[in-house]
Number of protein chains: 2
Amino acid sequence: MVRTVAPTRTRSGGPRLDASRDAAIASAVLEVLGRAGYAGLTMDAVALAAGVGKATIYRRWSSKAELLLSVLDVVGAPVLEVPDTGGRRDDLVTVLSEVVTLVGGPSGRALRSLLGAVVDDPALQEGCCRLPLANWDAAWSAVLARAVARGEVPAGAGESVAAEVGPAVLVLRWLVTGRPLDGTVVPELVDRVVLPLLRCR
Amino acid sequence: MVRTVAPTRTRSGGPRLDASRDAAIASAVLEVLGRAGYAGLTMDAVALAAGVGKATIYRRWSSKAELLLSVLDVVGAPVLEVPDTGGRRDDLVTVLSEVVTLVGGPSGRALRSLLGAVVDDPALQEGCCRLPLANWDAAWSAVLARAVARGEVPAGAGESVAAEVGPAVLVLRWLVTGRPLDGTVVPELVDRVVLPLLRCR
């Protein structure tokens with residue numbers, strides 16, 4: 001399921017997704033990507049999966065690259081809402097749990113299939129892969145910065161390589177080792193890795 | 001460059017790569033994968049890049065999947081040589097530096113292009129992606145286990161989620177954020193993240 005949001009404009013400058021039919025198309029793009037990879041992402045396959053005519057898609061997007069950038073704008077948007085639970089531990093758990101939810105769903109499968117597929121197209125690679133992932137990175141940095149502002153972690157913690165370990169372990173499990181990636185890993189990661197690292201610097 | 005090793009048999013059970021022509025073919029497979037992705041990996045493209053006839057390739061491998069598994073066997077093999085410098089810090093730095101070298105070269109680009117390409121083929125995904133990456137993981141675990149045996153880190157350190165952070169940060173930079181991934185990150189990672197985590201448990 002694509003989480004529905006309605007940004008007033010897209011960050012990539014492409015046409016905005018804003019209607020229920022667009023949500024069906026966005027879901028179809030993610031589903032096709034996750035199942036058939038970037039090579040299998042065709043306008044025909046998206047139209048079939050979304051239950052719309054191909055002309056409906058072409059009226060809005062002239063190419064699969066343009067369609068993809070619109071969809072990724074929507075996928076990346078929700079995690080821009082940085083949690084503020086009032087304490088660093090719960091903030092950290094919340095933002096990392098959001099990442100777990102995202103990568104475990106259709107968005108994650110779609111992003112995974114894109115990571116290596118667009119290596120020969122720098123513009124598309126930037127738009128496809130960096131955009132949603134950069135948002136997660138920004139949310140994580142914002143949570144750390146707020147913890148610094150509250151005096152809960154030392155100044156400069158957000159710029160240290162130690163700041164990368166939370167998202168890094170999730171990405172390692174997601175893309176490489178296939179170790180369990182569910183709700184239980186996040187509290188363990190925060191309590192045994194992220195907070196000890198911040199405390200013992 | 002494919003690092004030349006001559007395992008007596010392949011772990012995937014495929015034909016063994018053992019001659020200089022095979023090394024040229026293996027280099028060609030990685031080069032084509034890194035440039036054109038899995039979809040662009042054809043026997044024709046490999047033959048052209050290796051400077052051999054297509055028949056030469058088909059005499060040994062009946063499909064691109066089989067060829068790919070042979071090549072990945074060779075790519076994954078070197079890191080099975082676990083460093084033993086006599087001390088945990090230098091062991092950790094050495095094994096992580098090997099990972100940096102591998103992912104920064106043709107093997108890394110090839111693996112990256114495979115990560116998402118073979119999602120619809122579980123057998124190929126297992127062979128392609130897990131095999132070399134599992135070897136890095138095994139080398140890392142072996143170094144941690146030796147440090148435990150020497151009494152340099154607490155027992156159980158290798159099974160903790162904290163054990164994943166070293167490789168995890170490298171993978172995050174390699175596949176997701178694009179932050180610098182060179183020789184300088186490894187000592188910082190070991191000294192500011194891995195060793196403090198092991199010490200302050």
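This structure is a prediction, so every number in the text was calculated from the model and none was measured.

Novice: Break down helix 6 (residues 106-115) of chain B for me, with residues and values.
Specialist: Taken across its 10 residues, helix 6 of chain B has 8 buried, putting it largely inside the fold. Looking only at helix 6 of chain B, the buried set comprises S107, G108, A110, L111, R112, S113, L114 and L115 of chain B.

Novice: Outline the UniProt feature "DNA-binding region" (unreviewed entry) in chain A, supporting the account with residue identities and numerical values.
Specialist: Per the UniProt record, the feature "DNA-binding region" (unreviewed entry) sits at residues 42-61 of chain A. For the annotated span residues 42-61 of chain A, helix accounts for 75% and strand for 0% of the residues, and the straight-line distance between the end C-alpha atoms is 12 Å.

Novice: Outline the interface of chain A and chain B, supporting the account with residue identities and numerical values.
Specialist: Where interface size is quoted, it is often the accessible area lost as the parts come together. The interface of chain A with chain B comprises 37 residues on the first partner and 37 residues on the second. Across the chain A to chain B interface the summed buried area is about 3400 Å²; carbon plus sulfur atoms make up 61%. Linking chain A with chain B are 4 salt bridges. Between E164 of chain A and R179 of chain B there is a salt bridge whose closest N-O contact spans 3.9 Å. Where chain A meets chain B, there are 2 residue pairs in polar contact (both at pLDDT 80 or more). Listing elements by their share of the side of chain A that touches chain B, those giving two or more residues are helix 1 (20-36), helix 6 (106-115), helix 7 (122-149), helix 8 (165-177) and helix 9 (185-199) of chain A. Top contributing element to the side of chain A that touches chain B by residue count: helix 8 of chain A, with 10 residues. Here the residues of the side of chain A that touches chain B are counted per class, giving 19 nonpolar, 7 polar and 11 charged.

Novice: Let's hear about the environment of G37 of chain B: which residues, and what values?
Specialist: Residues and elements named next belong to chain B. Relative to the helices and strands, G37 is located in the loop between helix 1 (20-36) and helix 2 (43-50). Relative accessible area serves as the criterion here: at 6%, G37 is assigned to the buried category. Along the sequence, G37 and R109 sit 72 residues apart, while their C-alpha atoms lie 9.0 Å from each other. Dropping the residues within four chain positions of it, G37 is found in contact with V32 and S113.

Novice: Before we move on, could you go through the confidence of the model for chain A and cite the residues and values that matter?
Specialist: Residues and elements named next belong to chain A. Taken over all residues, the pLDDT of chain A has a mean of 78, while the share at 70 or more is 77%. Summarising per-element confidence for chain A, the mean pLDDT is lowest in helix 7 (75) and highest in helix 2 (residues 43-50) (94). Taken as a whole, residues 1-10 scores under 50 in pLDDT and shows 17 contacts with residues more than four places along the chain or in a different chain.

Novice: So what's going on with the packing of helix 5 (residues 88-104) of chain A against helix 8 of chain A? Residues and values would help.
Specialist: Residue and element names in this part refer to chain A. Their axes nearest at 10 Å, the elements helix 5 and helix 8 cross at an angle of 20 degrees. The orientation of helix 5 relative to helix 8 falls into the category roughly parallel. Remark: the crossing between helix 5 and helix 8 carries right-handed chirality. Of the residues in helix 8, those in contact with L96, V99, V100 and V103 of helix 5 are G166, P167, L170 and W174. Its residues assigned to classes, the contact of helix 5 with helix 8 shows 7 nonpolar, 1 polar and no charged.

Novice: Which residues make up helix 9 (residues 185-199) of chain B, and what values go with them?
Specialist: All names here are of chain B. Along its 15 residues, helix 9 runs 20 Å from first to last C-alpha, staying within 8% of the 21 Å computed at 1.5 Å per residue. Considering bend angle alone, the principal kink of helix 9 is centred on D191 and spans about 30 degrees. For helix 9, the complete set of buried residues consists of V185, V186, L189, V190, V193, V194, L195, P196, L197 and L198.

What counts and how
Residues numbered from 1 in each chain as written. Chains lettered and ligands numbered in written order. Predicted model: local features only at pLDDT ≥ 70, side-chain atom pairs only at ≥ 80, totals over all residues. Heavy atoms only, no water. Buried < 20%, exposed > 50% of the residue type's maximum accessible area, 1.4 Å probe, protein only. Helix = DSSP H or I, 4+ residues; strand = E, 2+ residues; numbered from the N terminus. UniProt positions renumbered as here; feature names shortened; annotations may be inferred. Contact = heavy atoms within 4.5 Å. Buried area = accessible area lost by both parts, 1.4 Å probe. Salt bridge = Lys/Arg side-chain N within 4 Å of Asp/Glu carboxyl O. Polar contact = N/O pair within 3.5 Å; in protein donor to acceptor, adjacent residues only side chain to side chain. Nonpolar A, V, L, I, M, F, W, Y, C, P; charged D, E, K, R; others polar. pLDDT = per-residue confidence, 0-100. Axes fitted to C-alpha atoms, helices over the stretch in contact; angles between N-to-C directions. Parallel < 35°, antiparallel > 145°, perpendicular 65-115°, else oblique. Left-handed = near helix turned anticlockwise from the far one by under 90°. Expected span 1.5 Å × (residues − 1). Bend = angle between axes of the 7 residues up to and from the residue.

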